[in-house]
Amino acid sequence: MLAFLAGLMCFFALGGGSVARGQDAKGTRFVCTSIPIDADPSCHLPPIPMQSTSPQEDDLRNTVMQLRETILQQKETIVNQRETIKELTGKLTRCESASETTMLDAKYNQGSWRKDFSKTSGKDTMGDLPRNPSETIDNLGRTMQSLKDRLENLEQQQMRANMSGAAFPNELRDLLQRRLGDLENQLLNKVSELEDEKSMLYNETAAHRHRTDAALNTLLERITELEKGNSGFKSPEDFKVSLPLRTNYLYGRIKKSLPEMYAFTVCMWLKSSASPGIGTPFSYGVPGQANEIVLIEWGNNAIELLINDKVAQLPLSVSDGRWHHICITWTTRDGLWEAYQDGEKLGSGENLAPWHPIKPGGVIILGQEQDTVGGRFDATQAFVGEMTQFNIWDRVLKAQDIMSMANCSSNMPGNVIPWVDNNVDVFGGATKWALEMCEDRLYDS
């Protein structure tokens, strides 16, 4: 069959016929004759008569023609694909050059990609093509896909570089610069405002410190005067306590406390012109009951006496700015009470905390109402004015005894709380001054 095909190819190529040589008018021509493989070519063989082609030979001829056409088409495809590859390679080179100038790590990425590509490709696809056409097409397809992947990778790197600020558009760059300028101006303005506030606070602090120092100096001067004045008291009881301001820090405190009592009498001299209400001349608080005994005039209300937080209104009026002698008596039996002003009884009543004993161990405060024992004062309830001769007895005094004290005909110190200098402390700017009560009262009248 191979000999037959070789002869057939020679026949179509040279014109067919026996191998012969002759002369004619046009020139020399050759005729090929097929011979068996084992025959001697030097021996002359009779010419083989031409036979008509069979259907099998026609199929073979058509197959050969189709193969020739397929090879020519593949050559044209290969040429076109080589041009495309050259164009893509040029674009790839330009993109890689641009990426190297804008990103520091592009070279590393490119080198690593080439290594990976050389490992995965296995051989040079631009060399000799495989003999199998389908394999050639597959290799070319993989090569083009690899080039596309490289182009997409470089485009993504370029986009990331642009997004990172390497190549902002002019409009976006100008917008960002203006925005940064505005923020910088706002920051500078805020810093300037803070500096101004700092300076103002420093000035205010300095002024406050100056005022505080002045107040402390004044207080020290008052203390010095008190120390000098105390030595000038003619007797321990000839002094007064002055509470000139309605605050929650000016007050006096009696050092001694009260025992348990079933009756008492409280007397004092008061001078006040405060309005509305003179405040709280004194209060006595014990653990569990801050209002054990309280004398208070608060707002436009009448003067009230509180015992164990029970209230009785007293018909007294002492806010005319003059000295007045006040006495209050109380007994636990039926809660009877009496109120005296300037020696005269102005009122009385009963059922004020009946059968309640006065509890011992409390604190006596002059000029403030206690919300807790010894503290938590309210400035609106503070006493404003002067007081002296604050005495307490553990019994109900007779009316004539109260009258004799009010007209300065006798002096009766309290048997429980006497008015003496060493039993009274003052705080917060309250002061003690020398005073002869009866002489001052005569001068006042």
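Scroll up a little and you will see the structure.
Residue positions within a chain follow its written sequence, with the count starting from 1. With pLDDT at 70 or above as the cut-off, local features in this predicted model cover only qualifying residues; side-chain atom pairs require 80 or more to be listed or tallied, and sums for whole chains, interfaces and linings still use all residues. With hydrogens and water excluded, all non-hydrogen atoms of the structure serve as input to the side-chain values.

(A) A look at a nonpolar patch on the surface. On the surface, a cluster of nonpolar side chains totalling about 340 Å² of accessible area is made up of Leu 216, Leu 219, Leu 220 and Ile 223. In this description a helix means any DSSP run of H or I spanning at least four residues, a strand means any run of E spanning at least two, and both kinds are numbered starting from the N terminus. Here Leu 220 shows up in helix α5 (residues 170-230). Among the residues examined, Leu 220 registers a relative accessible area of 52% and is labelled exposed. Only residues above 30% relative accessible area that lack a salt bridge enter a patch, with like-charged residues linked at up to 9 Å and the nonpolar side chains Val, Leu, Ile, Met, Phe, Trp and Tyr linked at up to 5 Å. The protein chains shown are the only cover counted for residues, whose accessible areas, like all others here, come from Shrake-Rupley with a 1.4 Å probe. We define a salt bridge as a side-chain nitrogen of Lys or Arg found within 4 Å of a carboxyl oxygen belonging to Asp or Glu. Exposure is judged per residue with a 1.4 Å probe applied to protein chains only, and the accessible area is read against the type maximum: over 50% gives exposed, under 20% gives buried, and values in between give partly exposed.

(B) A look at helix α6 (residues 399-406). Within the span of α6, buried status applies to Ile 402, Ser 404, Met 405 and Ala 406. At the C-terminal side of α6, Cys 408 shows a positive phi close to 65°.

(C) Inspection of the sheet that holds strand β12 (residues 344-349) at higher detail. Paired strands are those between which DSSP finds at least two bridges. Read from one edge to the other, the open sheet built from seven strands follows the order β12-β11-β10-β5-β14-β3-β16, with strand pairing classed as antiparallel. For this open sheet the edge positions go to β12 and β16 (431-434), each flanked by a neighbour on one side alone. Taken pair by pair, the neighbouring strands of this sheet meet at an average axis angle of 25°, ignoring direction. Note on definitions: a residue-residue contact is assigned when non-hydrogen atoms from the two residues lie within 4.5 Å. In this analysis an axis means a line fitted to C-alpha atoms, helices contributing only their contacting stretch, and an angle means the value between N-to-C directions, from 0 to 180 degrees. Strands β5 (263-271), β10 (323-331), β11 (336-341), β12 and β14 (385-393) of the sheet are contacted by α6, whose axis makes an angle of about 160° with β10.

(D) Representation of the sheet that holds strand β4 (residues 251-254) in the model. Pairing in this open sheet of seven strands is antiparallel, and the strands run β9-β8-β7-β6-β13-β4-β15 from one edge to the other. Of all strands in the sheet, those with a lone pairing partner are β9 (310-314) and β15 (424-427), marking the two edges. Sheet twist, expressed as the mean angle between neighbouring strand axes with direction ignored, is 20°. Pairing between strand β7 (residues 289-297) and strand β8 (residues 303-307): four bridges, direction antiparallel. Counterpart to Val 294 in the pairing with β8 is Leu 306.

(E) How the structure looks around a negative patch on the surface. Here Asp and Glu are counted as negative and Lys and Arg as positive; His is not counted, and neither are the chain ends. Just so you know, the charge point we use is NZ for Lys, CZ for Arg, CG for Asp and CD for Glu. Residues Glu 193, Glu 195, Asp 196 and Glu 197 make up a contiguous surface patch of negative charge. Looking at the element boundaries, Glu 195 is found in helix α5.

(F) Geometry of the packing of aromatic side chains. Classification of ring pairs uses Phe, Tyr and Trp, with its six-membered ring standing for Trp, and accepts pairs whose centres are within 6.5 Å; under 30 degrees between planes counts as stacked, over 60 as edge-to-face, and the remaining range as tilted. Taken as a whole, this structure holds five aromatic pairs when the rule is applied. Judged by centre distance (4.5 Å) and plane angle (15°), the ring pair of Phe 239 and Trp 419 falls under stacked. Within this pair, whereas Phe 239 is found in strand β3 (residues 239-243), its partner Trp 419 is found in the loop between α6 and β15, the two being separated by 180 residues in sequence. Like Trp 419, Phe 239 is buried. Site record: aromatic cluster; members linked through ring pairs are Tyr 251, Phe 377 and Phe 427. Remark: a charge is flagged as sitting over a ring if the NZ atom of Lys or the CZ atom of Arg is within 6 Å of the ring centre and within 35 degrees of the ring normal. Here the guanidinium or amino end of Lys 432 rests over the ring plane of Phe 239, the centre of that ring lying 5.5 Å away.

(G) Highlighting the state of the cysteines. For the purposes of this analysis, a disulfide is any pair of cysteine sulfur atoms at a distance within 2.5 Å. All chains considered together, the criterion is met by one disulfide. Disulfide pairing is shown between Cys 267 and Cys 327; the S-S distance is 1.9 Å. Its S-S torsion of about 115° marks the bond between Cys 267 and Cys 327 as right-handed, since a negative value means left-handed. Of this pair, Cys 267 sits in strand β5 while Cys 327 sits in strand β10, placing them 60 residues apart in sequence. Judged by its relative accessible area of 2%, Cys 267 is buried. The exposure class assigned to Cys 327 is buried, which follows from its relative accessible area of 0%.

(H) Looking closely at the pairing of β14. Burial of β14 is extensive: nine of the nine residues sit out of reach of the surface. Across three bridges, β3 lies against β14 in antiparallel orientation. Opposite Ser 242, over in β14, you have Glu 386 as the bridge partner. Pairing between β5 and β14: six bridges, direction antiparallel.

(I) Highlighting the pairing of β3. The buried fraction of β3 is high, at five of five residues. Here β3 shows no split at all, with Phe 239, Val 241 and Leu 243 on one side and Lys 240 and Ser 242 on the other all buried.

(J) Broad picture of the pattern of salt bridges. Under the counting rule described, the total for this entry stands at four salt bridges. The closest approach of N and O atoms between Lys 240 and Glu 386, which form a salt bridge, is 3.1 Å. Here the residue Lys 240 occupies a position in strand β3, and Glu 386 occupies one in strand β14, the gap between them amounting to 146 residues. Between Asp 421 and Lys 432 there is a salt bridge, with its nearest N and O atoms 2.6 Å apart. Residue Asp 421 is found in the loop between α6 and β15, and its partner Lys 432 is found in strand β16; the two are separated by 11 residues along the sequence. Pair check on accessibility: Asp 421 and Lys 432 agree, each one buried.

(K) Representation of unusual backbone geometry within the structure. With phi around 60°, Trp 355 is a residue other than glycine that occupies positive phi space. Take Trp 355: it is sitting in the loop between β12 and β13 (363-366). Looking at Trp 355, the relative accessible area reads 59%, which means it is exposed. Phi angles above zero are rare outside glycine, and Gln 389 is one such case at about 50°. In this structure, Gln 389 sits in strand β14.

(L) Spatial organisation of the nonpolar core. Each nonpolar core is a collection of buried residues, namely Ala, Val, Leu, Ile, Met, Phe, Trp, Tyr and Cys, held together in the definition by side-chain atoms within 4.5 Å. In this structure, Leu 258, Leu 314 and Phe 390 are the most contacted members of the largest nonpolar core, which totals 43 residues. Among residues more than four places away in sequence, those in contact with Phe 390 are Ile 254, Val 266, Cys 267, Met 268, Phe 282, Ile 364, Leu 366, Ile 417, Pro 418 and Trp 419. Core analysis: the next-biggest nonpolar cluster, separate from the first, contains seven residues, Cys 267, Tyr 340, Trp 393 and Ile 402 among them.

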